[in-house]
Structures are given as structure tokens and as C-alpha cells.
Amino acid sequence: MKKLALLATALAIVSAPALAADLRVKAVKAPPPVAFDPWDLAFGSSLASNYVFRGITQSNHKPSVSAYFEPRYNVTKDLQLYVGAAGASISFPNRAAAEIDIYGGIRPTFGMFAFDFGVWGYLYPGGQCFNSAAIPGSGIPGSDASCAASPFGNSDPVTGGLPINGNFAKKNASFYEGFAKVNITLNDQFSVGLNEYYSPNFLNLGAWGNYASITGKWTAPSTTFGASGVGMYISGEFGRQWLGTSDSFYGTTIASPLGGGPFPNGIPEPSYNTWNVGIGFTYKVFTLDLRYSDTSLSKGDCNAFTSDHTARFDGSFTPINPGGFGSGWCGATGIAKLSADLTAMTNLK
């Protein structure tokens, strides 16, 4: 009996701590699962030394400010719906007040593939018409009473179009594009992308436009600048903008001295290649991007395509540019851009 009592006492002593430990574990409740909030909001702004779009300045090589606002709805962690609005300061031949963008789409993700499908609208309010022939009753697309020569309209009485060079510009340059994009994350440092944009009436020229490009990006390891929090990347893009034939608003009845033309019903807009490469530095929500951009467009074809209101005569004759005026809007340029980008779920909690 003594031995049995001692054995029972020993077992009680050994098992008591284990039982107590077991009871303590059971007493601690598991934390409730984090609620999934599908809504998010992205917004930001930037200041750039030059607003360049597909290789062509939109701000006449002058600084430009921009901002955007993008509500998002995450159906799941791999499927996002979004709409957005953005604005930027510009300097257009038709004297438009600003560029206002309205866009929306869907972003599905499958592993390393992040897709983006949507529609993007480019609005240019406050434009004026410069083509004294495009008055009501002329049958020319874009006709408006304000197209008449000054003092009855906006067109220069000497050139019949814009002052200095006589280029034409529609009052309304607004248009929209449908797009499809994919970004492929190869690993923590390397990613590549493919982009496709199509518009049935690019810049309201009357010509269809198709833009396709390939992008690449290398992101430096997070330890590159130690514990400073500064990140770095190098990225680039090569693209081609295909364009159809404009409507008669931009037609020319003059033949080029080098051959070609006239094109009274509209000019064959010049398709071109464009490329850019740059380096960027990030810190928290800020990004400083330094970039080089260029295109394959000649000064003459650039003038015919953009209707540059600052173009001067320099003998840049081409089949679609019989006046010989040349534009520097499509050439090599450097761009410095400082931007801040935030999301409500990450930065405003």
C-alpha cells in the first residue's frame, strides 16, 4: 500500500505541470481573422520637367504638373476593378486648357502574370479651331464658326491657320483608346511587360491609331543603399505607333517639292518608333525618375503630325509636310519627374 501511495503521489506531481500547461493553452483564444476590406483608393501627383507621351512632348518642352485619383474594388486578392480620373497641364496647338483623363478597367492576376484591360479617355477642354476653310457648310470634318479668320474667328488672317506657320488644329482633340497590358514578374528584381492600345480616331485626327510596346525593369536589391530606405530601378520601353489617314481637315492641296501629294482628303499620318530608358530612385511614397526619350520621326513629319504651333521654317520638306516647317517636339529629350503615390489601405491607416 505504501508503494502504491508513493507511486500515485509521484504521478500527480509529474502530471500536474503538464495538465496546467495544457489548460493554459486551451484558455488562450485564437485571434479573430483579419476582415477583408475590398475597397481601396490610390492617388498621387507629380511635377515633370517635360510631359512626354509616346516620345512626343505635350507641354512644348516646358514643366508640367499632374494628379490622379483612382478608387479600387478588390473582388479577391487576385482580381481588382478600378476607375480613375487624372489631369495634367499641357501646351497644345489648339490652346486646350488641360488634359483630363477618365479611365477604368479590370486587373486580374495569375501568379507571375498581372493583366490590365480597360478603356482610357483623353479630354482636352477649352480648345480653339484654326483652319479658316473649315466653316459651317464647307463639309470639312471639325467645321465650326470659330474656325473663320480673325476678327470673325480664331484663324490667323495671313496664314489661314495658326500664326507663324499656318498649321491647322481642330477645336476638339479628345479621343479614347481601348487597351490590354500584362506585366510579368520574373523574380524580385526583373520584370517585363507588353502593352497594346487602339483608338478608332487618334487625337480626333480622323485617323485610327495603334500603339504596341515592350517594357523592361530591373529593381535593385533593398540592401543596395543599406538601411536608408532608398530604392532604385532601371527601366525602359520600346514601342511603335501606327497611324492611319487623317480626315480632310488636315488635308493639303499643295504638292511637296520633294515629291508626293497633294493630299486634299487627308494626309497619311506618319507611323513611328519611340523608345525611352531611365533610372529611378524611391523613398517611401516618393519617386524621382530621370529619363531619356526619342522617336524616329523627322522634323517635317513631326510638324505634320503634331501641328506644332511653335514650328519654324527650316526646309524640312516631306511628302506630307510641303510647307517645309520643322518641329522639335518629337526629338531626343531628357525628362526629370518627381512623383508621390499613395494608397489608402497602406498609407492612411
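Residues numbered from 1 in each chain as written. Predicted model: local features only at pLDDT ≥ 70, side-chain atom pairs only at ≥ 80, totals over all residues. Heavy atoms only, no water.

**Points about the overall build of the protein chain**
Then, number 1: A count of helical and extended segments in the protein chain gives 3 helices and 16 strands.
Then, number 2: Sorting the 349 residues of the protein chain into buried and exposed places 41% on the buried side.
Then, number 3: Long-range contacts, defined as pairs at least 24 residues apart, comprise 60% of the intrachain contacts of the protein chain with a sequence gap of at least 6.
Then, number 4: Roughly 18300 Å² of accessible area belongs to the protein chain as shown, and the carbon and sulfur atoms make up 67% of that amount. (Helix = DSSP H or I, 4+ residues; strand = E, 2+ residues; numbered from the N terminus. Buried < 20%, exposed > 50% of the residue type's maximum accessible area, 1.4 Å probe, protein only. Contact = heavy atoms within 4.5 Å. Areas by Shrake-Rupley, 256 points an atom, 1.4 Å probe, with all protein chains shown as cover.)

**Notes on the sheet that holds strand S13 (residues 286–295)**
Then, number 1: Taking strand neighbours around the barrel as the criterion, the 12 strands line up as S1-S4-S5-S6-S7-S8-S9-S10-S11-S12-S13-S16 in a closed arrangement whose pairing is antiparallel. Each strand of the sheet is rotated relative to its neighbour by a mean of 20°, with strand direction disregarded.
Then, number 2: Bridge count between strand S1 (residues 39–48) and strand S4 (residues 64–76): 10 bridges; the pairing is antiparallel. The partner of tryptophan 39 across the bridge, within S4, is tyrosine 73. (Pairing = 2+ DSSP bridges. Axes fitted to C-alpha atoms, helices over the stretch in contact; angles between N-to-C directions.)

**A few points about the confidence of the model for the protein chain**
Then, number 1: Across the protein chain, pLDDT averages 92, with 90% of residues at or above 70.
Then, number 2: In this model residues 1–23 is a low-confidence stretch, pLDDT under 50, and it forms 0 contacts with partners more than four residues away in sequence or in other chains. (pLDDT = per-residue confidence, 0-100.)

**Here's the deal with unusual backbone geometry**
Then, number 1: In this structure, the amide linkage connecting serine 150 to the following residue, proline 151, adopts the cis form with an omega of 10°.
Then, number 2: Note on placement: proline 151 falls in the loop between strand S7 (113–123) and strand S8 (175–185).
Then, number 3: The backbone phi angle of leucine 203 is positive, close to 55°, even though this residue is not glycine.
Then, number 4: Residue position: leucine 203 is located in the loop between strand S9 (190–199) and strand S10 (209–219).
Then, number 5: The phi torsion at serine 307 lies on the positive side, around 55°, for a residue other than glycine.
Then, number 6: Take serine 307: it is sitting in the loop between helix H2 (299–306) and strand S14 (312–313).
Then, number 7: A relative accessible area of 6% places serine 307 in the buried class.

**Overview of the state of the cysteines**
Then, number 1: In total, this model carries 2 disulfides according to the counting rule given.
Then, number 2: There is a disulfide in this structure between cysteine 129 and cysteine 147, and the S-S distance comes to 1.9 Å. Here the disulfide of cysteine 129 and cysteine 147 is right-handed, its torsion about the S-S bond being about 100°. Taken together, the residues cysteine 129 in the loop between S7 and S8 and cysteine 147 in the loop between S7 and S8 connect sequence positions 18 residues apart.
Then, number 3: Sequence-ordered numbering of the disulfide-bonded cysteines in the protein chain gives the connectivity 1-2, 3-4. (Disulfide = S-S within 2.5 Å.)

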